[in-house]
Amino acid sequence: MPTVRPQPFRGNANQGGNKVSDPVERARKGYRNSWSRYQVDLRKQVVWEQPFRNEASVAIIGGGLSGLCCALELAKQGMRSTVFDTGQHSCGGRLATRNTKDGSIRKSFLQDEAYSMSGLYFDHGAQYFSASDSRFVSLVNEWLAEGVIKEWVGPVGTLMPGGSFQSSTSSKGARYVAVQGMRSLAQHLEHQLSKQYSNLVQVRRPMWVGKMESIDNQGWRLMGEGKSLGIYDAVVIAHNGKCANRLMGPTGAPLVAQQLMGLRLSATWALMVAFDSPLPVKFEGATVVGSNVLSWVANNTAKLDLKHAPSSISCWTMTSTNEYAQANKVPQEAVPSEVQDKITSEMLDAFAAAIGVKRADIPKPIFYQCQLWGAALPLNTPSVECIFDAQSRVGVAGDWCSGSNMQAAAISGISLAGRIAALRGRGGSDVQDLSLGLTSPFTQLMPQKRHVTAHMQNHRS
Ligand SMILES: Cc1cc2nc3c(=O)[nH]c(=O)nc-3n(C[C@H](O)[C@H](O)[C@H](O)COP(=O)(O)OP(=O)(O)OC[C@H]3O[C@@H](n4cnc5c(N)ncnc54)[C@H](O)[C@@H]3O)c2cc1C
């Protein structure tokens with residue numbers, strides 16, 4: 001059997017207490033997750049006096065589910081938008097899938113022999129979703145009819161300490177997955193926008209928007225990669241975290257900036273690992289209870305009905321607890337191989353413990369790759385569908401506005417699009433009835449307990 005990397009797993013480098021030899025510590029050197037904090041200046045409020053035009057163009061910064069749904073809804077209401085997203089392979093954000101087909105798995109992590117084993121697929125962001133809001137249900141029904149998504153009917157539940165598995169039904173009804181991995185749902189939406197609404201929607205990626213500024217009597221100018229990306233009548237910020245803070249901080253929508261700065265996010269390591277023989281478990285997905293390291297494990301091969309050669313291969317995704325990720329944070333962009341080894345080893349140790357077997361009873365991985373989500377899931381929320389400052393024409397869409405899952409993200413985009421469309425023909429300060437969430441207080445989505453799992457948190461909203 002091919003092995004992915006010539007080097008064997010290293011043990012837990014934390015053991016022995018030598019901090020300098022810890023690959024996470026070495027990789028983290030000089031890296032601090034410091035949230036930007038700007039003094040919010042309410043006198044810097046921008047108020048656009050001229051009526052919002054029918055032909056207005058909206059910039060949507062972020063092509064995750066919320067941004068794509070916002071563009072779709074704006075288009076349905078006859079409005080123009082441009083979606084900017086950093087994605088190399090497609091839009092999607094945390095609707096993320098890596099596979100051997102499109103080069104999204106780094107070849108350096110695969111030996112040639114393993115690389116020739118096509119069909120390794122890993123959903124390493126969102127795992128599945130449910131629908132209860134009628135607006136999301138109607139989108140879900142369209143995706144079902146188009147064959148983009150399917151129901152995940154395999155055994156999913158909870159792994160209790162000691163290894164017993166308790167099957168559970170989702171409190172929000174059926175569990176859905178995208179048939180080609182979650183990213184394919186974003187690709188479907190991107191395709192729909194560029195085909196069905198090509199006259200109204202433009203998607204520009206990979207594109208990083210770094211700055212926005214108000215230009216008198218014109219609108220918002222976006223800057224990226226050292227040049228102007230155009231002037232827009234309204235701006236939707238459909239991403240979160242430090243970049244959103246930086247983008248908004250000094251500009252003319254101070255209450256929006258204030259809300260963005262109130263958000264707190266968890267981190268998660270996602271381990272993508274393939275085994276050459278089946279694991280000794282009977283479930284396809286499980287929330288892990290009582291582990292300080294693991295929060296969720298899922299068998300992508302079973303979930304997506306993947307066909308491998310040889311057929312004994314299975315592709316798994318394992319996500320860590322927030323606590324473990326916080327303790328093992330490194331710059332996300334290029335995780336050194338020794339950090340990959342350490343995280344993989346520790347997560348597999350935790351997996352063996354969670355299913356109640358010895359580590360030696362778990363088959364040797366033929367492939368593994370870890371990704372750190374530094375901004376994985378919201379920990380608090382203003383509990384509004386979206387945030388919108390109708391005077392400055394700046395809005396925010398994202399899961400965190402009302403929860404931490406895909407439904408919350410989609411509804412946020414749809415809801416914000418409705419408010420922007422309703423602004424047509426209006427301007428000045430007499431538009432406050434359309435503003436939303438500018439001063440809504442945040443409440444915690446979930447207590448930050450030691451064993452809090454990213455996945456459990458998803459389904460509480
Ligand atoms: C590990 C993990 C597991 C999860 N599991 C589930 C689950 O099982 N079920 C569920 O319902 N939800 C789950 N979620 C949550 C779900 O993925 C999110 O709720 C949803 O995808 C959020 O969509 P969004 O549009 O709000 O944000 P995002 O998906 O984060 O999209 C933001 C986009 O903006 C782009 N961007 C950022 N900055 C810029 C910039 N300056 N310029 C241009 N583009 C920019 C980013 O590249 C990204 O594409 C999970 C998330 C994670 C991380």
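Below is a summary of the structure that appears in this document.

Calculation criteria
- Residues numbered from 1 in each chain as written.
- Predicted model: local features only at pLDDT ≥ 70, side-chain atom pairs only at ≥ 80, totals over all residues.
- Pairing = 2+ DSSP bridges.
- Helix = DSSP H or I, 4+ residues; strand = E, 2+ residues; numbered from the N terminus.
- Axes fitted to C-alpha atoms, helices over the stretch in contact; angles between N-to-C directions.
- Near = placed C-beta within 6 Å.
- Nonpolar A, V, L, I, M, F, W, Y, C, P; charged D, E, K, R; others polar.
- Buried ≥ 20, exposed ≤ 12 C-beta atoms within 10 Å, placed from the backbone.
- Contact = placed C-beta atoms within 7 Å.

1. What to know about the sheet that holds strand E10 (residues 211-215)
Right, on to step 1. The antiparallel open sheet is built from three strands, whose spatial order is E10-E11-E12. The two strands at the open ends of the sheet, each matched to only one other strand, are E10 and strand E12 (227-232). Taking each pair of neighbouring strands and ignoring which way they run, the sheet shows an average axis angle of 25 degrees.

2. Looking at the site of the ligand
Right, on to step 1. Within the structure, the ligand sits among 39 residues, and Gly62, Gly64, Gly93, Arg94 and Asn405 are positioned closest to it.
Right, on to step 2. Contributions of two or more residues to the shell around the ligand are made by helix H2 (65-76), strand E14 (268-275), helix H11 (406-422) and helix H12 (454-458).
Right, on to step 3. With three residues, H2 is the single largest residue contributor to the shell around the ligand.
Right, on to step 4. Of the residues belonging to the shell around the ligand, the class tally is 19 nonpolar, 17 polar and three charged.

3. Structural notes on the sheet that holds strand E20 (residues 387-389)
Right, on to step 1. On the basis of which strands lie adjacent, the open sheet formed by six strands has the order E9-E2-E1-E13-E21-E20 and mixed pairing. Here the strands that pair on one side only, and so sit at the sheet edges, are strand E9 (201-204) and E20. Between one strand and the next, the sheet's axes are offset by a mean angle of 15 degrees, whatever the strand orientation.

4. Examining the pairing of strand E15 (residues 285-288)
For a regular strand, side chains alternate in direction, first toward one face of the sheet and then toward the other.
Right, on to step 1. Every second residue of E15 is oriented toward a common face, with Gly285 and Thr287 on one face and Ala286 and Val288 on the other, all of them buried.
Right, on to step 2. With four bridges joining them, strand E6 (residues 156-159) and E15 adopt parallel strand pairing. Paired with Gly157 across the bridge in E15 is Ala286.
Right, on to step 3. The pairing of E15 with strand E16 (residues 294-299) spans three bridges and is antiparallel. Bridge pairing in E16 places Thr287 opposite Trp296.
Right, on to step 4. Connecting E15 to the antiparallel partner E16 that follows it, the hairpin turn spans five residues, and Gly290 within it adopts a positive phi of roughly 85 degrees.

5. Points about the environment of Leu255
Right, on to step 1. The topology assignment puts Leu255 in helix H7 (residues 254-262).
Right, on to step 2. Overall, Leu255 belongs to the partly exposed group, with 19 C-beta atoms counted inside 10 Å.
Right, on to step 3. When the C-alpha atoms of Leu255 and Leu438 are compared, they prove to be 5.6 Å apart, with 183 residues separating the residues in sequence.

6. Some remarks on the environment of Tyr128
Right, on to step 1. Relative to the assigned elements, Tyr128 resides in the loop between strand E4 (121-123) and helix H4 (134-145).
Right, on to step 2. Taking the number of C-beta atoms within 10 Å as the measure of exposure, Tyr128 has 24 and is therefore buried.
Right, on to step 3. C-alpha separation for the pair Tyr128 and Lys303, spaced 175 residues apart in sequence, amounts to 9.5 Å.
Right, on to step 4. In contact with Tyr128, not counting residues within four places along its chain, are Trp152, Arg175, Tyr176 and Val177.

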